[in-house]
Amino acid sequence: MEKLTPLIARVLNIEQSIIFDNSSPETISEWDSLNSILLVIELEKNFNVKFTMDEVMAVQNVSDIKAALRRHQVENEVIE
Amino acid sequence: MMEKTSFSDYLNRNKVIKRDSSMPEIKVALLSNFTINGLAEVLKVKSYQESIWIESYNAPYNQYVQEILNLSSELYQKDPDIIFLLLDVEPFLEEFFYFPYRYSFEQRKNFVNQKIKEIESLLTILQERSKAKIVIHEFLVPAYSSRGIIESKQEWGLTESIHKINQQLRDVCKRNDRLFTFPLNSFCSYNSNSLAEPKIFYLTDMRISSDGLIGLASEYLSFIYPLASKSKKCLVLDLDNTLWGGVVGEDGLEGLKLGPDKEGRPFLDFQKLILALFERGIILAINSKNNHEDAMEVIRNHPFMLLREDHFACIKINWQDKATNLKQIAAELDIGLDSLVFLDDDETNCALVRELVPEVTVIDLPKDVSLYPSVLKKLPFFNLFQLTNEDEKRGKMYVDQKKRSLLELEIKDLDTFIKQLQIKVLIRPADGSLLPRITQLTQKTNQFNLTTKRYQEEEMHNLFKSSHYFIQAITVEDKFGDYGTTGAVIVRKDLDQNCWHLDTFLLSCRVLGKSVEFALMNELLKKAKAEGVKCIKGYFAPTKKNQPAEHFLEDCGFALSKEENKIKEYTFNFNEEFKKEILVEVKEWKN
């Protein structure tokens with residue numbers, strides 16, 4: 001299982017070092033609408049979870065992703 | 001096995017690839033009525049891996065009608081080589097999709113016929129305004145209906161209507177060489193998870209999932225290959241654990257897995273698929289490390305072997321390395337290494353071949369033999385836009401060629417060899433049925449081609465209809481078999497000057513060096529004299545590849561009369577006798 005930050009970095013094709021809890025489509029230009037969806041698909045595959053549509057729409061930044069993963073009982077050590 | 005490449009990997013790779021000057025460029029346009037973002041990028045990366053460069057144009061979301069109708073749209077400005085039209089059935093049918101039974105049977109029928117007309121006229125306009133090949137997706141037949149289990153009993157019901165639209169689309173494509181349907185329904189049934197999840201659909205209007213788009217791009221490669229003239233001709237096969245299970249040197253003929261039992265069936269089916277490719281015209285060859293006698297024993301005598309000696313144009317069963325064998329196979333068949341596809345179960349062999357002869361396309365067989373047949377079903381390399389009789393016979397023609405070469409080894413003198421072949425040349429005026437093949441010859445013949453004029457089908461049709469031109473097709477056979485239509489002559493008649501100009505004079509390399517070209521010219525000159533023609537002019541336009549034809553006109557008694565822009569013009573001297581001895585039998589076409 002890939003950890004969260006490397007996964008985001010891979011999908012957005014950016015350095016891990018520029019990803020913070022408050023990173024969002026506003027702060028990372030690579031985080032466009034297509035990549036948002038690919039992020040959902042990759043997160044679901046990697047962590048073996050299924051988000052609801054409401055959960056997806058509620059995500060504004062990285063810390064929202066973390067919260068959603070925790071709600072789905074994903075282990076803290078792969079999130080942080 | 002390699003890990004599956006994810007959609008975002010493709011997107012990221014797309015950002016770093018650069019065109020290599022040797023890559024042919026294909027311009028692709030994608031038109032759709034739903035979100036297909038990323039498809040162009042995946043196709044570009046997949047094509048790049050096959051050394052093809054894609055310039056893509058993704059029309060704005062749901063603007064396909066405007067793009068097609070507007071003469072000055074981006075679509076036409078991009079001048080694509082191929083257009084993919086992906087229409088989802090729901091927006092296409094609008095309200096009818098949800099409420100077909102608000103309408104009477106007659107109204108449903110009228111509505112569907114009107115939708116068919118709508119799409120047909122868009123395709124007609126597209127064809128008139130663009131030279132591109134056009135691929136339209138079939139409409140996906142839904143699984144749900146408000147009528148439930150009696151849906152299939154409804155005349156012009158939703159399901160039946162969509163089937164009818166699809167059938168109509170296929171009929172339109174049958175009548176048009178440049179139009180193709182993409183079988184979306186079977187694509188979806190054989191590729192699980194190819195439809196977008198509901199959540200993704202509602203958030204983005206993607207109707208095909210990211211995995212589905214990756215699968216689609218692979219299927220599209222089947223169209224890109226022939227466009228880029230990269231279609232392969234020959235399938236080279238390993239034997240042990242490829243055509244049969246087990247190792248003949250260890251297990252013996254009786255111990256091999258091949259036949260109708262559980263263990264043997266994957267290999268039997270594998271051979272069936274290969275045999276069907278042979279019958280479609282793919283050349284077969286063997287490249288195996290084995291004792292020649294042991295392996296030939298299986299090929300000749302195993303009761304369930306479907307592929308026999310006579311299916312293989314070249315057999316290399318020895319202890320040489322497989323790369324060397326592949327080079328020899330290409331040389332003996334006189335085809336490029338890049339025309340070969342090599343199938344082997346052994347990773348080391350595959351790696352060696354990739355390293356030493358990178359031109360060859362190498363397919364690793366999976367560890368699980370039950371997956372062997374599906375490997376063959378997914379090869380995109382052998383596709384052609386049109387299958388001529390010659391294409392279908394190619395596999396067998398190369399086997400015949402093998403027998404000819406054996407004869408050649410025994411004979412020293414070339415003229416004697418040619419006479420022994422008992423070559424018959426049939427010269428016939430072109431008719432409609434021959435035009436696709438003649439067009440193909442002008443596009444593909446490089447070596448013996450005086451002018452190398454490449455014609456498209458419509459241009460060829462225009463020449464055919466014109467009273468200023470006549471076109472001849474040349475069919476060749478010898479005692480070993482039929483070469484099919486392998487030559488063409490196009491003459492432009494200058495009626496004012498009573499002069500003939502050789503617009504095109506070409507022969508496929510398969511029949512070169514057999515004196516066929518001289519017989520052909522001799523007949524043409526006889527015909528000219530009989531028709532009272534006063535002058536004949538021939539032309540030689542040099543290319544990188546047509547040296548074999550360089551001195552042909554001089555050899556036939558033509559004299560150089562002019563040279564302009566590297567194109568040499570020759571004039572025939574009617575006082576000269578035709579000096580070349582004709583070694584082949586020429587038959588005139590009689591209706």
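As a reminder, the structure under discussion sits directly above these lines.
Let us look at the structure shown here. Small disclaimer: the values here were computed from a predicted structure and weren't measured.

Cut-offs and rules
Residues numbered from 1 in each chain as written. Chains lettered and ligands numbered in written order. Predicted model: local features only at pLDDT ≥ 70, side-chain atom pairs only at ≥ 80, totals over all residues. Heavy atoms only, no water. Disulfide = S-S within 2.5 Å. Helix = DSSP H or I, 4+ residues; strand = E, 2+ residues; numbered from the N terminus. Buried < 20%, exposed > 50% of the residue type's maximum accessible area, 1.4 Å probe, protein only. Axes fitted to C-alpha atoms, helices over the stretch in contact; angles between N-to-C directions. Parallel < 35°, antiparallel > 145°, perpendicular 65-115°, else oblique. Left-handed = near helix turned anticlockwise from the far one by under 90°. Contact = heavy atoms within 4.5 Å. Nonpolar A, V, L, I, M, F, W, Y, C, P; charged D, E, K, R; others polar. 1 Å grid on protein atoms, 1.4 Å probe; cavity = no way out; pocket = protein on both sides within 12 Å on 5 of 7 lines; lining within 4 Å. Points joined across faces, edges and corners; volume = space filled by probe spheres on them. Pairing = 2+ DSSP bridges. Salt bridge = Lys/Arg side-chain N within 4 Å of Asp/Glu carboxyl O. Phe/Tyr/Trp six-rings, centres within 6.5 Å; stacked < 30°, edge-to-face > 60°. Lys NZ or Arg CZ within 6 Å of the ring centre and 35° of its normal. Buried area = accessible area lost by both parts, 1.4 Å probe. Polar contact = N/O pair within 3.5 Å; in protein donor to acceptor, adjacent residues only side chain to side chain.

A look at the state of the cysteines
All names here are of chain B.
Consideration 1: Inspection of every chain in the model, using the stated rule, returns 1 disulfide over all chains.
Consideration 2: Note that C499 is cross-linked by a disulfide to C535, the S-S spacing being 2.2 Å. Disulfide C499-C535: the torsion about the S-S bond is -65°, which places it as left-handed. Separated by 36 residues along the polypeptide, C499 in strand 15 (residues 499-507) and C535 in strand 16 (residues 535-540) bring together distant segments of the chain. When sorted by exposure, C499 lands in the same class as C535, which is buried.
Consideration 3: Note on C188: no disulfide assigned, nearest cysteine sulfur contributed by C173 at a separation of 18 Å.
Consideration 4: Here C314 stays free of any disulfide, with the sulfur of C234 as its closest cysteine sulfur at 8.0 Å.

Topic: the packing of helix 1 (residues 4-12) of chain A against helix 2 (residues 33-47) of chain A
All names here are of chain A.
Consideration 1: Remark: helix 1 packs on helix 2, axes separated minimally by 10 Å, with the N-to-C direction vectors making an angle of 140°. Our classification of the angle between helix 1 and helix 2 gives oblique. Of the two elements, helix 1 crosses helix 2, and the hand of that crossing is right-handed. Residues L4, L7, I8, R10, V11 and L12 of helix 1 pack against N35, L38, L39, E42, L43, N46 and F47 of helix 2.
Consideration 2: Of the residues belonging to the contact of helix 1 with helix 2, the class tally is 9 nonpolar, 2 polar and 2 charged.

Looking at the layout of surface pockets
All names here are of chain B.
Consideration 1: A volume near 640 Å³ is recorded for the second largest pocket.
Consideration 2: Along the walls of the second largest pocket sit 30 residues, with D88, E90, F97, P142 and R207 positioned nearest its centre.
Consideration 3: Secondary structure elements with two or more residues in the lining of the second largest pocket: helix 5 (89-93), helix 6 (95-98) and helix 10 (198-204).
Consideration 4: For the lining of the second largest pocket, the element with the most residues is helix 10, which contributes 3 residues.

Notes on the sheet that holds strand 8 (residues 312-318) of chain B
Residue and element names in this part refer to chain B.
Consideration 1: The parallel open sheet is built from 5 strands, whose spatial order is 8-7-6-9-10. Each of the sheet's edge strands pairs with one partner strand only, and the pair in question is strand 8 and strand 10 (361-364). Averaged over all pairs of adjacent strands, the angle between their axes in this sheet comes to 20°, without regard to strand direction.
Consideration 2: Those strands touched by helix 16 (residues 347-356) are strand 7 (283-289), strand 9 (340-344) and strand 10, and its axis lies near 165° from that of strand 10.

Topic: the pairing of strand 14 (residues 481-494) of chain B
Residues and elements named next belong to chain B.
Consideration 1: Within strand 14, 10 of the 14 residues are buried, which leaves the element mostly enclosed by the surrounding structure.
Consideration 2: Once strand 13 (residues 469-478) ends, the chain turns through 2 residues before running back antiparallel as strand 14.
Consideration 3: Sheet topology note: the strand 14/strand 15 ladder contains 8 bridges and is antiparallel. Bridge pairing links G487 to L507 in strand 15.
Consideration 4: With antiparallel pairing between neighbouring strands as the criterion, strand 14 and strand 15 make up a hairpin whose turn holds 4 residues, including N498 at a positive phi of roughly 55°.

Comments concerning the pattern of salt bridges
It is possible for side chains bearing opposite charge to pair when their charged atoms get close.
Consideration 1: Per the counting criterion, the structure on display carries 44 salt bridges over all chains.
Consideration 2: Among the salt bridges present, the one from A:E55 reaches A:R71, with a minimum N-O distance of 3.4 Å. Taken together, the residues A:E55 in helix 3 (residues 53-58) and A:R71 in helix 4 (residues 62-71) connect sequence positions 16 residues apart.
Consideration 3: A salt bridge links B:K396 to B:D400, with the nearest nitrogen and oxygen atoms 3.3 Å apart. In this pair, B:K396 and B:D400 both sit in helix 18 (residues 389-410), 4 residues apart, roughly one turn of the helix.
Consideration 4: Classification of B:D400 as buried rests on a relative accessible area of 4%.

Focus on the sheet that holds strand 3 (residues 82-86) of chain B
Residues and elements named next belong to chain B.
Consideration 1: Overall, parallel pairing links the 5 strands, which are arranged 2-1-3-4-5 in an open sheet. Each of the sheet's edge strands pairs with one partner strand only, and the pair in question is strand 2 (53-58) and strand 5 (179-182). Within this sheet the neighbouring strands show an average axis-to-axis angle of 20°, counted without direction.
Consideration 2: Sheet topology note: the strand 4 (residues 133-137)/strand 5 ladder contains 4 bridges and is parallel. Across the sheet, the residue bridging to H137 is F182, located in strand 5.
Consideration 3: On the sheet, helix 2 (residues 39-49) packs against strand 1 (25-32), strand 2 and strand 3 and is oriented at approximately 170° with respect to strand 2.
Consideration 4: Contacting strand 3, strand 4 and strand 5, helix 7 (residues 105-129) runs over the sheet at an angle of about 160° to strand 4.

Some thoughts on the packing of aromatic side chains
Residue and element names in this part refer to chain B.
Consideration 1: Following the criterion strictly, the structure yields 21 aromatic pairs over all chains and no others.
Consideration 2: When the centroid spacing of 5.1 Å and the interplanar angle of 55° are considered together, the rings of F558 and F572 count as tilted. Taken together, the positions of F558 in strand 17 (residues 558-564) and F572 in strand 18 (residues 567-572) put the pair 14 residues apart, joining distant regions of the chain.
Consideration 3: Ring-pair connections join several aromatic residues into one group, and the members of that group are F84, F180, F182, F187, Y220 and F223.
Consideration 4: Lying across the ring of F470, K527 places its NZ or CZ 5.0 Å from the centre.

Some words on the pairing of strand 6 (residues 234-237) of chain B
Residues and elements named next belong to chain B.
Consideration 1: Of the two faces of strand 6, the one lined by C234 and V236 and the one lined by L235 and L237 are each fully buried.
Consideration 2: With 4 bridges connecting them, strand 6 and strand 7 associate as parallel partners. What sits directly across from V236, in strand 7, is A285.
Consideration 3: As judged from the 4 bridges shared by strand 6 and strand 9, these two strands associate in the parallel manner. Paired with V236 across the two strands is F342, which belongs to strand 9.

Some details on the interface of chain A and chain B
Consideration 1: Tallying the contact residues gives 18 residues for chain A and 18 residues for chain B.
Consideration 2: Contact between chain A and chain B buries roughly 1400 Å² in total, counting both sides, with carbon and sulfur atoms accounting for 64%.
Consideration 3: Of all residues in chain A, A:L34, A:I37 and A:M53 bury the most surface against chain B, accounting for 34% of the area lost on that side.
Consideration 4: Counting every contact that joins chain A to chain B gives 4 salt bridges.
Consideration 5: Put simply, B:E197 and A:K50 hold a salt bridge, and the shortest N to O gap is 3.1 Å.
Consideration 6: Summed over the shared surface of chain A and chain B, the result is 4 residue pairs in polar contact (both at pLDDT 80 or more).
Consideration 7: Of all the secondary-structure elements, those providing two or more residues to the side of chain A that touches chain B are helix 1, helix 2 and helix 3 of chain A.
Consideration 8: At 9 residues, helix 2 of chain A tops the list of elements feeding residues into the side of chain A that touches chain B.
Consideration 9: Partitioned by chemical class, the residues of the side of chain A that touches chain B number 10 nonpolar, 3 polar and 5 charged.

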